[in-house]
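Close look at the chain arrangement
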Amino acid sequence: MDTRFLDSFVAVVEEGSIAAAARRLHLTPAALSQRIQALEAEMGATLLLRAGRTVAPSEAGLAILDRARALLREARDLRALATAGALAGELRLGAIATALTGLVPAMLARLATRYPQMETHISPGISADLYRRVLVGELDAALIVQPEFALPKSCEWRLLREEPLVVLAPAAQAQAEPHALLAAEPFIRYDRNQWGGRLADRYLRAARIAPRERFELDALDAIAVMVGRGLGVSLVPDWAPPWPVGLEIARLPLPRPFPPRRIGLLWMRGARGRGWCGRFWRVKRKTFFFGKKNQKTFASWRHAGGERSAELTKSFCFFFFRKRRFFPYASFSRASSAWMGWRNCTPSNRFTWLRQE
């Protein structure tokens, strides 16, 4: 049996249509239909029921669906085993929209250089859906918002980025009080079906603010564009760039403390998760954080002069040393304070300062 036929069957069931599955597999709809027909002939049963443009699994298709997914997972592992532990084969990664544009590209560039034999399939989606797909084994790992509930013990989670809530307002209102803007101006709400949207809603409830809602949507880029057009204000996470260009908007910090939106990597603790996702995480950490080899460069930063010193100061302000790892700061003010603490220490006392931080 050709595993490509099983892969095509599973893709059609997950996408719900031949056309969508063909785009996902980079095939023509005709070629995908031929694969399905060949699989049905080999099985001796009809696996898919067609109704117009939609497709659903038949009773026989549902009976083999879980086993087909398990077989495909085992087939993907064979290549990694054959290469004696090298990271090869296919890595199925999910990512939310802001991570897909702001975090994933830099990681993929380093990953492709270090592990050229690995194929990465990326699935965009929302955190709740990606979380479910990791649990059922459809994805090896996912970059998602940290769930509001406790994770199962079978899951592994690593924090990558913290994003504080900010008020988006037109540039002309940059000096206004954030709570007054949220209460008085038309409000563009971040969708409450999103985990980040629920975080913003909890803040509004805690601050006892009842905004005048105008729109509710789940696309942060679109919200920023609407605010730039003067359609209202919004309360959103300060997500990783790039942001839409050409916008005249202000990002106002909130006047009261509140937990940030946390972005991280989620995977299962099975044998495949430990081998693939553990190394994937190490590549990701080296992409976004400073490694031990770069720690010595900090000693020269304080003595650098001119524009070089200013550039290095800005770079440091987004990182800090904690438990032998560098993590992004949630805000520029916190990072600036850390830089001042580092700069004011003598070289002999800096390691002590780092451990205390």
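This report concerns the structure included in the present document. Since we're looking at a predicted model, the values are computed, not measured.

Tallying secondary structure elements over the protein gives 15 helices and 14 strands in all. Per-residue burial for the protein yields a buried fraction of 44% across its 357 residues.

This paragraph deals with the side chain of Ser58. Relative to the helices and strands, Ser58 is located in the loop between β2 (54-57) and α4 (59-82). Assessed through its relative accessible area of 7%, Ser58 is described here as buried. Reaching out from Ser58, the side chain makes a polar contact with the backbone oxygen of Thr46 at a distance of 2.4 Å. Beyond its immediate stretch of four places on either side in the chain, Ser58 contacts Thr46, Leu47, Leu48 and Leu49.

Attention now goes to helix α7 (residues 127-135). When we look at burial in α7, the residues that qualify are Ser127, Leu130, Tyr131, Arg133 and Val134. For α7, the arc enclosing every buried residue in end-on projection is 165 degrees, short of the 170-degree limit, so these residues lie on one face. One or two steps after α7, the chain reaches Gly137, where phi turns positive at roughly 90 degrees.

Here the focus is the environment of Arg161. Mapped onto the fold, Arg161 is located in strand β6 (residues 155-163). Remark: the alpha-carbon pair of Arg161 and Pro260, spanning 99 residues in sequence, is separated by 9.5 Å. Of note is the side chain of Arg161, whose polar atom sits 2.9 Å from the side chain of Glu163.

What follows concerns the pairing of β2. Across four bridges, strand β1 (residues 48-51) lies against β2 in antiparallel orientation. Across the sheet, the residue bridging to Arg50 is Val55, located in β2. The antiparallel pairing of β1 with β2 creates a hairpin that spans two residues between the two strands, and Gly52 there sits at a positive phi of about 70 degrees.

The next thing to look at is the pattern of salt bridges. If charged atoms from side chains of opposite charge come close, those side chains can pair. A full pass over the atoms with the stated rule returns 17 salt bridges. Among the salt bridges present, the one from Asp201 reaches Arg189, with a minimum N-O distance of 2.9 Å. Within this pair, whereas Asp201 is found in helix α9 (residues 195-206), its partner Arg189 is found in strand β8 (residues 186-190), the two being separated by 12 residues in sequence. Side by side, Asp201 and Arg189 carry an identical accessibility label, which is buried. Look at the salt bridges and you will find they share partners, linking Arg189, Arg192, Asp201, Arg205, Glu213 and Glu216 into a network.

Cut-offs used in this document
- Residues numbered from 1 in each chain as written.
- Predicted model: local features only at pLDDT ≥ 70, side-chain atom pairs only at ≥ 80, totals over all residues.
- Heavy atoms only, no water.
- Helix = DSSP H or I, 4+ residues; strand = E, 2+ residues; numbered from the N terminus.
- Buried < 20%, exposed > 50% of the residue type's maximum accessible area, 1.4 Å probe, protein only.
- Polar contact = N/O pair within 3.5 Å; in protein donor to acceptor, adjacent residues only side chain to side chain.
- Contact = heavy atoms within 4.5 Å.
- Arc of directions from axis to C-beta.
- Pairing = 2+ DSSP bridges.
- Salt bridge = Lys/Arg side-chain N within 4 Å of Asp/Glu carboxyl O.

Interpretation in functional terms is not warranted from these geometric data alone.
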